[in-house]
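# Coordinates in review
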Amino acid sequence: MAELKDRKDTLLQAGLTLASELSLPVVLQRIVDLAAEISDARFGALGVIGEGDTLVEFVTTGIDAEARQAIGALPTGRGVLGVLIHDPRPIRLKNIADHPRSVGFPAHHPPMRSFLGAPVQAMGRVYGNLYLADKRDAEEFSPEDEEALTVLATQAGVAIANAVLYEEVRSRERWLDAIRQITTNVLTGGDEGMLLGSIAERARELAGADAATIVVHSGSPGELVVAAAAGARADELRGEILPEDGSISGAVMRTGESRMFDDVSAEAHAYQPIVALGRHGPSIYVPLRVQGGSAGTLMVANLKGGARFSPATKALVESLADAASVAIEYDRAQSNLRRLGLMEERERIAKELHDGIIQSLFAVGMSLQGTALMTKDVEMASRIEHAVDELDGVIRDLRNYIFGLRPGILADRQLEQALRELAREVESRGGPAVDVQVDSALAARLTSRSADIVQLAREALSNVARHARASKATLSLERQGSQAVLTMSDDGAGFDAEHHDAGEAGGSGIRNMRERAATLGGSLRIASRAGEGTTLTATFPQ
């Protein structure tokens, strides 16, 4: 009688203990621990049932982490464990092996004989099952053990429902906070790279994941790039290239449909170099939908061997991705408006320079030339002609500036043509033969920064024509990973690059090119030796 009273007191205390906790993982572990304690079982587990009547989570007691790792993969709901899934009623066995549905234990699994199980109902459905094995002080579990476990299972169902509802409220709060942060980043006018990085980090936090990435088109046909990464291995993943065909990210962008995997490293159609680099296991891939298709793919993942994601987490990440897609589209629209305004202002300034200052300089030059023809003083005439030549140089420089101020002539993928025209200009003035090599897709991607790139290339070509004494030169624009690389090389006289870097020689040309490269968000590297030519390499983000 005293034992019965003690058990009732323990059950009452168990109900109070479970009701006081709102963290779902903690609630599940306490349920298992209490079940084993009340029934005096050596081993206990709670299997959470997911889609397809399979066990998606398995919380245990009595088995340490080392033994659990040795056992391997979690049970999926076969054998005696599956009996409760398909027939949710308490079951009590003297020996598990005697049951006709028994399939034995995997290697390294501890031996078990007696068994007691009961379903746990929460939120109007069977949430999972409690499993107990090996009663310590008897050959089998008693009817009183079964009754106590049934009561505990009822209490557990209430505690689980409370914890799930609390977690849903917290998830909604995190979702709203994520949207607020993303919206703030858009409104503060940050660039798209910062926006994508913010979306990746917020998605990772929302899903409780180890890592998150955003993959977008690289600008080259059939090629994608990891534009943003957060969490584990982020620095290694950022900027990595992957194929559109032959990757899950590409398939999600094409179909606009989300995908979820228990272990993406085992998927044959995943691009395994990226998966292996990130050490990804359980993963969710969702499209970033914009008008006319997908802007990219958002992925959240746990490291290989980590916890699997639930359908609820997948739905939450999808809703964040949809909201983030609106932010991306708005940000791009604002960027286009700012670019249009800048183009219009540059066009206005260029027109005023061309129609006003240049025409006035032409008039002054012509007047001076007339004066030179009229004077009989040879020295005076020579000085005037020199002044006219200087004016011609100023006019040429102004035209160059106008060229840089008018990105309109470079729009619609004409950066490549502009670079080739620069080379033709150098050759027509008696400069070296210039071989131009341009990645057309990259040039199209860099349209918004064409003016700075053209000016940088113009300065480099001008230096070659004036100082290098070269017969051949090469101008190239190519992509290396996530970076764009503009290279100018020649076979000319070369110079002491270290003295130039130290400011001991040369004019302002190299300094101007460094500043131009910095404006593009990159840097300039110079390689040159006397008699061996020069190579200037400007590297900047795409």
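Residues numbered from 1 in each chain as written. Predicted model: local features only at pLDDT ≥ 70, side-chain atom pairs only at ≥ 80, totals over all residues. Heavy atoms only, no water.

Running from amino to carboxyl end, helix α12 (residues 415-428) crosses helix α14 (residues 450-468) at an angle of 20°, the nearest separation of the two axes being 10 Å. Relative to α14, the element α12 lies roughly parallel. Both α12 and α14 take part in a crossing whose hand is right-handed. Only Ser450, Ile453, Val454, Ala457, Arg458, Leu461 and Ala465 of α14 make contact with α12, whose side of the interface consists of Leu415, Ala418, Leu419, Leu422, Ala423, Glu425 and Val426. For the contact of α12 with α14, a count of residues per class yields eleven nonpolar, one polar and two charged. (Axes fitted to C-alpha atoms, helices over the stretch in contact; angles between N-to-C directions. Helix = DSSP H or I, 4+ residues; strand = E, 2+ residues; numbered from the N terminus. Parallel < 35°, antiparallel > 145°, perpendicular 65-115°, else oblique. Left-handed = near helix turned anticlockwise from the far one by under 90°. Contact = heavy atoms within 4.5 Å. Nonpolar A, V, L, I, M, F, W, Y, C, P; charged D, E, K, R; others polar.)

This brings us to helix α4 (residues 79-86). Most of α4 is tucked away, with seven of its eight residues classed as buried. Within the span of α4, buried status applies to Gly79, Val80, Leu81, Gly82, Val83, Leu84 and Ile85. On the buried face of α4, the contacting elements are β1 (41-49), β2 (55-61), β3 (91-93), β4 (115-122) and β5 (125-135). (Buried < 20%, exposed > 50% of the residue type's maximum accessible area, 1.4 Å probe, protein only.)

With that settled, the discussion passes to empty space enclosed by the protein. Applying the stated criterion across every chain yields a total of two cavities of 30 Å³ or more. When its volume is computed, the largest cavity comes out at roughly 130 Å³. Forming the walls of the largest cavity are 15 residues, and the residues nearest its centre are Leu242, Ser249, Ile274, Tyr285 and Met299. Contributing elements (two or more residues each) for the lining of the largest cavity: β6 (211-217), α8 (248-255), α9 (272-278) and β10 (280-290). Taken together, the residues of the lining of the largest cavity sort by class into eleven nonpolar, four polar and no charged. (1 Å grid on protein atoms, 1.4 Å probe; cavity = no way out; pocket = protein on both sides within 12 Å on 5 of 7 lines; lining within 4 Å. Points joined across faces, edges and corners; volume = space filled by probe spheres on them.)

It is worth spelling out α12 at this point. Here α12 is 14 residues long and its end C-alpha atoms lie 20 Å apart, about the 20 Å a rise of 1.5 Å per residue gives. Once α12 finishes, Gly430 follows within two positions and takes phi at roughly 90°, a positive value. (Expected span 1.5 Å × (residues − 1).)

Another aspect to go through is the pairing of strand β13 (residues 472-480). In this sheet, β13 lies alongside strand β12 (residues 433-438) in parallel orientation, the contact comprising six bridges. Across the sheet, residue Val436 finds its bridge partner in β13, namely Leu475. Here eight bridges tie β13 to strand β14 (residues 483-490), and the two strands are oriented antiparallel to one another. Within β14, the position partnered with Leu477 by the bridge is Leu486. (Pairing = 2+ DSSP bridges.)

All right, on to the pattern of salt bridges then. This structure, assessed with the given rule, holds 22 salt bridges. Among the ionic pairs, Glu205 bridges to Arg202, the shortest N-O distance being 3.2 Å. Taken together, the residues span about one helical turn, with Glu205 and Arg202 both in helix α6 (residues 192-207) at a distance of three residues. In this structure, Glu379 engages Arg383 in a salt bridge whose closest nitrogen and oxygen atoms are separated by 3.0 Å. Of this pair, Glu379 and Arg383 both sit in helix α11 (residues 378-405), separated by four residues, roughly a single helical turn. Connected through shared salt-bridge partners, Lys135, Asp137 and Asp145 make up one network. (Salt bridge = Lys/Arg side-chain N within 4 Å of Asp/Glu carboxyl O.)

To continue, consider a negative patch on the surface. A cluster of acidic residues, Glu385, Asp389, Glu390 and Asp392, forms a negative patch at the surface. Among the structural elements, Glu390 can be located in helix α11. (Patch = residues over 30% accessible without salt bridge, like charges linked within 9 Å, V, L, I, M, F, W, Y side chains within 5 Å. Areas by Shrake-Rupley, 256 points an atom, 1.4 Å probe, with all protein chains shown as cover. Lys, Arg positive; Asp, Glu negative; His and termini not counted. Charge placed at Lys NZ, Arg CZ, Asp CG, Glu CD.)

Another aspect to go through is the nonpolar core. Ranked by size, the top nonpolar core spans 36 residues in total, and within it Leu477 and Leu486 carry the most contacts. For this core, the element with the highest residue contribution is α14, accounting for eight residues. Setting aside residues up to four positions removed in sequence, Leu477 forms contacts with Leu415, Leu419, Gln437, Val438, Asp439, Leu442, Ala443, Leu446, Val485, Leu486 and Phe540. If you look at the next biggest cluster of nonpolar residues, it comprises 32 residues, including Leu11, Val32, Leu46 and Ala118. (Core = buried A, V, L, I, M, F, W, Y, C linked by side-chain atoms within 4.5 Å.)

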